[in-house]
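Geometric and topological summary
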Amino acid sequence: MTTVDPNFEANAEREARRERRFTQINKADKWFQVLGLSWMTPILKTLAGDSPRAQGKEIWRLLGVPLLAIVIFIGLWGTLAPKVQTSLGAVPGPAQVWTEAVNLHEDAKAKNARAAQFQERVEARNEQLIASGRADEVKEIAYTGAPTYYQQIWVSIKTVFFGFLIATAVAVPLGIVAGLSPIANAAINPIVQIFKPVSPLAWLPIVTMIVSAVYVTNDGWFEKSFLISAITVTLCSLWPTLINTSLGVASIDKDLVSVSKVLKMGTWTKITKLVLPSALPLIFTGLRLSLGVGWMVLIAAEMLAQNPGLGKFVWDEFQNGSSSSLAKIMVAVFTIGIIGFMLDRVMYALQSLFTFSNNR
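As the structure is a computational prediction, the values presented were derived from the model and not from experiment.

**Notes on the overall build of the protein chain**
- In terms of helices and strands, the protein chain carries 12 helices and 2 strands.
- Overall, the protein chain shows an N-to-C arrangement of helices and strands of α-α-α-β-β-α-α-α-α-α-α-α-α-α.
- Over its C-alpha atoms the protein chain spans a radius of gyration of 28 Å, topping by over 25% the 21 Å that the globule rule assigns to 360 residues.
- Each of the three principal axes of the protein chain carries a C-alpha extent, and together these read 95 × 60 × 60 Å.
- Relative to its 360 residues, the protein chain shows a buried fraction of 34%.
- The long-range fraction of contacts in the protein chain, counting pairs at least 24 apart against all pairs at least 6 apart in sequence, stands at 68%.
- As presented, the protein chain carries roughly 21,800 Å² of accessible surface, and 66% of it is formed by carbon and sulfur atoms.
- Charge separation in the protein chain, taken as the distance between the mean sites of 32 positive and 25 negative side-chain charges, equals 8 Å.

Right, dumping it as structure tokens:
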């Protein structure tokens, strides 16, 4: 009768658990890449029992080198900034910018507290009116205090997504038509080539005059300044999506097109079952580019349209000219960059969910 070595069974079980951990880590790696956290994979593999030497190079490349670059950047910034004098004083270094970021956070909390107190006073007033039999005098009074920094960030995000969604609704159907029809492509291409390079600063006066002439109501869903900024974003950001959609549709495998003809697919079925699934990787590439362009355009549009947002915040601080204005503008610059990165990661996450593309 043969006996099984208990150590062999224990080692086999440990090896099986190790393999399961590595399988889970490899599955998670896709989402680490989406989130910009690809350095987590080699760290987790090291903790799971892989050779530290084998994963050390990856950890250094994915985490060590970027951190070193950031440290060098901050060091050069802190060293060189005080040597550059402007009309508002020396260029602020990392410490001053961080201080202003904290101040903006504290200012936002103080403004929220004041807004809450105002709302409580309004509610107390209305309750007194109702108690005294004067319910007809009850009314809601909007708080008119200055917006917080976070509220301005939120306005900018809403504006860019509104403009981006309009651009997508226009660009994707036009791109599909241009990709399917050489005649439509010949008609659309000159328009794209003419208007694609136009700066938002050129579009803004035209949009402002048209919106002011058409949108005459004072109690509509949107403020005029919001619509001006959003439409300017639309006009500047729709071109990458249109071009990439057209290219993706035109590059569909000809054999698939032949199969659709053999099966006598209708136009709608052909588009939904064949065209869109095949062209999605390039469509999403165009959407990512469009959102990035829209976010860059938005800041200039908000500056000139005076739509409450990060662009207006930068412009107001520039006009303010206080000793802390430059540091606040630099806080806004870092905010714009970080949000732009996050928006791109959101679009890449959607691309990963709906396509098999590995583009990053």
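That covers the picture; the talk isn't over yet.
**Side note on the environment of Ala184**
- With respect to the helices and strands, Ala184 occurs in helix 6 (residues 182–195).
- On the accessibility criterion, Ala184 (15% relative accessible area) is buried.
- Sequence separation of Ala184 and Leu174 is 10 residues, and the distance between their C-alpha atoms is 8.8 Å.
- Setting aside anything within four residues of it in sequence, one finds Ala184 in contact with Val177 and Ala178.

**Side note on the nonpolar core**
- Tyr149, Val160, Trp295, Leu310 and Ile339 are the most contacted members of the largest nonpolar core, which has 38 residues in total.
- Those elements that place two or more of their residues in this core are helix 4 (94–131), helix 5 (149–180), helix 8 (224–250), helix 10 (267–305), helix 11 (310–320) and helix 12 (325–354).
- Broken down by element, this core gets its largest block of residues, 11 residues, from helix 10.

**Re the pattern of salt bridges**
- All chains considered together, the criterion is met by 6 salt bridges.
- Where salt bridges share partners, they join Arg288, Asp344 and Arg345 into one cluster.

**Notes on the environment of Thr245**
- The topology assignment puts Thr245 in helix 8.
- The class for Thr245 is buried, based on a relative accessible area of 0%.
- It is 17 Å that separates the C-alpha atoms of Thr245 and Gly292, two residues lying 47 residues apart in sequence.
- With residues near it in sequence (within four places) discarded, Thr245 still touches Val172, Gly175, Ile176 and Ile283.
- A distance of 2.7 Å separates a polar side-chain atom of Thr245 from the backbone oxygen of Thr241.

**Here we look at the packing of aromatic side chains**
- A full pass over the atoms with the stated rule returns 8 aromatic pairs.
- Ring geometry for Phe195 versus Trp203: centroids 5.6 Å apart, planes at 40 degrees, classification tilted.
- Residue classification places Phe195 among the partly exposed positions, given a relative accessible area of 34%.
- Both rings, one in Trp315 and one in Phe318, keep their centres 5.7 Å apart while their planes meet at 40 degrees; by these two values the pair is tilted. Of this pair, Trp315 and Phe318 both sit in helix 11, separated by 3 residues, roughly a single helical turn.
- Through pairs of rings, three or more aromatic residues link up here, namely Phe73, Trp77 and Phe334.

Parameters at a glance
Residues numbered from 1 in each chain as written. Predicted model: local features only at pLDDT ≥ 70, side-chain atom pairs only at ≥ 80, totals over all residues. Heavy atoms only, no water. Helix = DSSP H or I, 4+ residues; strand = E, 2+ residues; numbered from the N terminus. Rg over C-alpha atoms; globule rule 2.2 N^0.38 Å. Buried < 20%, exposed > 50% of the residue type's maximum accessible area, 1.4 Å probe, protein only. Contact = heavy atoms within 4.5 Å. Areas by Shrake-Rupley, 256 points an atom, 1.4 Å probe, with all protein chains shown as cover. Lys, Arg positive; Asp, Glu negative; His and termini not counted. Charge placed at Lys NZ, Arg CZ, Asp CG, Glu CD. Core = buried A, V, L, I, M, F, W, Y, C linked by side-chain atoms within 4.5 Å. Salt bridge = Lys/Arg side-chain N within 4 Å of Asp/Glu carboxyl O. Polar contact = N/O pair within 3.5 Å; in protein donor to acceptor, adjacent residues only side chain to side chain. Phe/Tyr/Trp six-rings, centres within 6.5 Å; stacked < 30°, edge-to-face > 60°.

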